[in-house]
Amino acid sequence: EAKPDLDVLTFEHERLDGGVTPDAVRRYADLDANGSRIAAALTRRGVGVGDRFAVMMGNHPEFVEAAVAASLLGAVFVPIDPRTRGAKLAFVLRNAGCVGLVCADTCLPAVAAVRADVPDLRWILALETGEEAPTPEDVDGVESLAEILAGPVPSLDPRAEPTTPLQIMYTSGTTGDPKGIVGDNARFCAAGILGHLCGYRPDERPYTGLSLTHGNAQSVTLAPALLMGLRAVFSRRFTKSRLWDVCRRHGCTTFSLVGGMATGIYSEPSRPDDAENPVRLVVSGGMPPAIWEAFEKRFDVRVLEFYGAMDGGGVAYKPVGQGPTGSFGKPIPSIEMKILDDAGRECPPGVVGEICTRPAGASEAPPVDYHGNAEAGRNKVRGGWNRSGDMGHADAEGWLFFDYRAGGGIRHNGDFVDPSFVEKAIAEHPSVRDVFVYGVPAASGAPGEK
């Protein structure tokens with residue numbers, strides 16, 4: 001209502017054949033209109049408050065518009081990574097109880113392959129992407145999303161309350177079947193507060209190539225853009241070779257990284273204009289300490305490190321210029337975060353334990369709201385703490401550090417090896433394009449890895 005014509009979201013995309021499609025720009029008014037069109041179409045298909053439907057596509061504007069439709073209806077959308085296939089795809093659709101699917105046409109073959117295993121899936125709306133894919137008419141029962149978006153804008157009364165569930169986001173499923181984390185409308189809006197924690201300015205232009213089907217892109221880029229009126233830019237996928245060109249072309253001032261992405265960017269051949277870019281801030285979830293300062297110097301940026309988990313626990317962050325390099329910071333004031341051993345005792349400084357959280361001043365962390373799996377939600381909390389499964393340590397001043405994921409990492413001759421230092425040495429070799437270091441079992445059968 002305040003800024004209907006602000007071009008709040010821009011989606012750019014380079015095709016696989018090397019061509020660049022025109023940017024897809026969405027104003028607030030466009031999101032409202034298209035979200036209303038999709039909501040009306042879902043109503044005609046019987047979707048109401050509490051009903052669930054899946055959204056399976058890359059970073060297209062229609063992903064956001066489908067989410068708007070869910071909020072208007074009080075319905076729940078289930079984001080699914082477009083690369084998902086087979087048994088995992090069928091499981092998520094069944095487990096969430098999805099009655100329908102809004103997807104890119106490139107996902108139709110994967111959906112068709114499992115449709116017989118998802119009997120409750122009644123309808124499919126397909127987005128024509130222009131990429132190599134079957135047309136909606138080639139798959140039984142599929143309707144065109146473009147036809148819906150070309151229709152009149154209906155007048156709808158929003159049905160959602162702040163506590164109405166908005167989405168179910170599934171975990172990776174590395175320790176069993178994926179678990180669906182339920183998030184309500186208020187939680188999505190609260191995620192926008194991350195923009196303030198990150199120090200986003202009123203004229204900030206954030207960028208991401210991370211998938212909107214995962215928490216980082218939603219929390220660090222999409223939600224702050226919508227909440228704060230920032231003109232965000234999205235790529236269909238992350239590309240380290242085009243990252244700086246995209247930021248220069250669109251004037252992006254910040255972007256987000258996770259995991260080994262920073263190493264991939266750092267391992268690109270050095271160029272004389274590496275530091276000639278508009279980016280001032282990199283919001284990182286896992287910047288390798290070994291390249292942290294070198295990354296900042298080479299690209300003339302500053303790194304803000306943060307830590308958070310979708311399935312509860314809260315957020316910690318290290319403001320730019322504060323704390324030791326390698327730390328992910330300290331928790332926000334509303335969260336208590338400690339390093340605990342298996343018995344629930346706090347570990348001394350420098351001793352590795354599990355990163356555990358609960359609300360500040362509380363004696364018990366709330367159970368995690370896993371869809372249809374209350375027992376798993378209760379088991380996530382032990383001894384009053386939300387157990388993250390991430391291992392870390394604190395220093396004497398209370399700055400927190402991530403060491404490895406429980407059950408992962410490289411253990412060699414009784415010591416835990418930090419792969420980032422090995423990756424840094426390899427990444428700096430001019431013949432290396434990208435690098436990832438991992439452990440393999442010792443051939444001798446001895447405990448540990450090499």
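Everything discussed here concerns the structure shown above.
Please read these numbers as outputs of a predicted model, since none were measured by experiment. (Residues numbered from 1 in each chain as written. Predicted model: local features only at pLDDT ≥ 70, side-chain atom pairs only at ≥ 80, totals over all residues. Heavy atoms only, no water.)

Asker: Break down unusual backbone geometry for me, citing the residues and quoting the values.
Answerer: Trans peptide bonds make up the majority, and among non-glycine residues the majority have a negative phi. Positioned with a positive phi, aspartate 300 is a non-glycine residue whose angle comes to about 55°. Secondary-structure assignment places aspartate 300 in the loop between helix 11 (292–299) and strand 14 (302–308). (Helix = DSSP H or I, 4+ residues; strand = E, 2+ residues; numbered from the N terminus.)

Asker: So, the state of the cysteines: which residues are in play, and what are the values?
Answerer: Scanning the entire structure with this criterion turns up 0 disulfides. Free of any disulfide, cysteine 103 has its nearest cysteine sulfur in cysteine 107, 5.7 Å distant. Cysteine 198 supplies the cysteine sulfur nearest to cysteine 189, a cysteine that is in no disulfide, at a spacing of 17 Å. Look at cysteine 189 and you get partly exposed, because its relative accessible area is 46%. (Disulfide = S-S within 2.5 Å. Buried < 20%, exposed > 50% of the residue type's maximum accessible area, 1.4 Å probe, protein only.)

Asker: Please provide a residue-by-residue account of the nonpolar core, values included.
Answerer: Leu9, Phe53, Val78, Phe255, Leu257 and Phe295 are the most contacted members of the largest nonpolar core, which totals 111 residues. Element by element, the count of residues in this core is highest for helix 2 (residues 61–73), at 8 residues. The next biggest cluster of nonpolar side chains, apart from the first, holds 9 residues, and it includes Ala316, Cys347, Ala394 and Leu400. (Core = buried A, V, L, I, M, F, W, Y, C linked by side-chain atoms within 4.5 Å.)

Asker: Describe helix 11, with residues and values.
Answerer: By the burial criterion, the buried members of helix 11 are Trp292, Phe295, Glu296, Arg298 and Phe299. The elements touched by buried residues of helix 11 are helix 9 (243–250), strand 12 (254–258), helix 10 (261–266), strand 13 (281–285), strand 14 and strand 15 (315–318). Aspartate 300 sits one or two positions beyond helix 11 and adopts a positive phi of about 55°. (Contact = heavy atoms within 4.5 Å.)

Asker: Describe the pattern of salt bridges, listing the residues and the values that go with them.
Answerer: Applying the stated criterion across every chain yields a total of 26 salt bridges. For the salt bridge of arginine 45 with glutamate 143, the shortest nitrogen-to-oxygen distance reads 2.8 Å. Of this pair, arginine 45 sits in the loop between helix 1 (28–44) and strand 3 (52–56) while glutamate 143 sits in strand 7 (residues 142–144), placing them 98 residues apart in sequence. Ionic pairing is found between arginine 382 and glutamate 354, a salt bridge with its closest N-O pair at 3.8 Å. Within this pair, whereas arginine 382 is found in strand 19 (residues 381–382), its partner glutamate 354 is found in strand 18 (residues 353–359), the two being separated by 28 residues in sequence. Classification of arginine 382 by relative accessible area gives partly exposed; the value is 43%. By relative accessible area, which is 10% here, glutamate 354 ends up buried. Taken together, the shared-partner salt bridges in this structure form one network comprising Lys240, Glu268, Arg433 and Asp434. (Salt bridge = Lys/Arg side-chain N within 4 Å of Asp/Glu carboxyl O.)

Asker: Tell me about the pairing of strand 20 (residues 385–394), residues and numbers included.
Answerer: In terms of burial, strand 20 is largely enclosed, as 10 of its 10 residues are buried. As paired strands, strand 18 and strand 20 are joined by 4 bridges and run antiparallel to one another. Within the sheet, the bridge partner assigned to threonine 357 lies in strand 20 and is asparagine 386. For strand 19 and strand 20, the ladder comprises 2 bridges, and the chain directions are antiparallel. Bridged to valine 381 within strand 20 is asparagine 386. Two successive antiparallel strands, strand 19 and strand 20, enclose a turn made up of 2 residues, where glycine 383 displays a positive phi of approximately 65°. Inspection of the sheet shows strand 20 paired to strand 21 (residues 400–405) by 5 bridges, in the antiparallel sense. For glycine 392, the partnering residue across the bridge sits in strand 21 and is phenylalanine 402. Adjacent in sequence and paired antiparallel, strand 20 and strand 21 are bridged by 5 residues, among which glycine 398 carries a positive phi angle near 90°. (Pairing = 2+ DSSP bridges.)

Asker: I'd like to hear about the packing of helix 1 against helix 2, residue by residue, with values.
Answerer: Contact geometry for helix 1 and helix 2: axes closest at 7 Å, N-to-C directions at 65°. At the point where helix 1 passes helix 2, the crossing takes the right-handed sense. In this structure, helix 1 contributes Asp30, Leu31, Asn34, Gly35, Ser36, Ile38, Ala39, Leu42 and Thr43 to the contact, and helix 2 contributes Val64, Glu65, Ala66, Val68, Ala69, Leu72 and Leu73. Looking at the contact of helix 1 with helix 2, its residues break down into 10 nonpolar, 4 polar and 2 charged. (Axes fitted to C-alpha atoms, helices over the stretch in contact; angles between N-to-C directions. Left-handed = near helix turned anticlockwise from the far one by under 90°. Nonpolar A, V, L, I, M, F, W, Y, C, P; charged D, E, K, R; others polar.)

Asker: So, the packing of aromatic side chains: which residues are in play, and what are the values?
Answerer: What the rule picks out here adds up to 8 aromatic pairs. Seen in terms of ring centroids, phenylalanine 53 and tryptophan 123 are 6.3 Å apart; in terms of plane orientation they differ by 40°. Their pairing is tilted. Here tryptophan 123 lies in strand 6 (residues 123–127) and phenylalanine 53 lies in strand 3, a separation of 70 residues in the sequence. Tryptophan 123 matches phenylalanine 53 in its accessibility class, with the two residues each being buried. Between tyrosine 307 and phenylalanine 328 the ring centres are 4.7 Å apart and the planes differ by 25°, which places this aromatic pair in the stacked class. One end of the pair, tyrosine 307, is in strand 14; the other, phenylalanine 328, is in the loop between strand 15 and strand 16 (330–331), and 21 residues separate them in sequence. Both residues of the pair, tyrosine 307 and phenylalanine 328, count as buried. Put simply, the rings of Trp244, Phe255, Phe295 and Phe299 pair up and form one aromatic cluster. Taking NZ or CZ as reference, lysine 179 lies 5.6 Å from the ring centre of tyrosine 370, over its face. The ring of tryptophan 399 carries lysine 330 above its face, with NZ or CZ at 4.6 Å from the centroid. (Phe/Tyr/Trp six-rings, centres within 6.5 Å; stacked < 30°, edge-to-face > 60°. Lys NZ or Arg CZ within 6 Å of the ring centre and 35° of its normal.)

Asker: Give me helix 13 (residues 419–427): which residues, what numbers.
Answerer: Along helix 13, the residues classified as buried are Ser420, Glu423 and Ala427. Relative to the axis of helix 13, the buried residues are bounded by an arc of 60° and lie together on one face. The outward face of helix 13, more than 90 degrees from its buried face, is lined by the exposed residues Phe421 and Ala425. (Arc of directions from axis to C-beta.)

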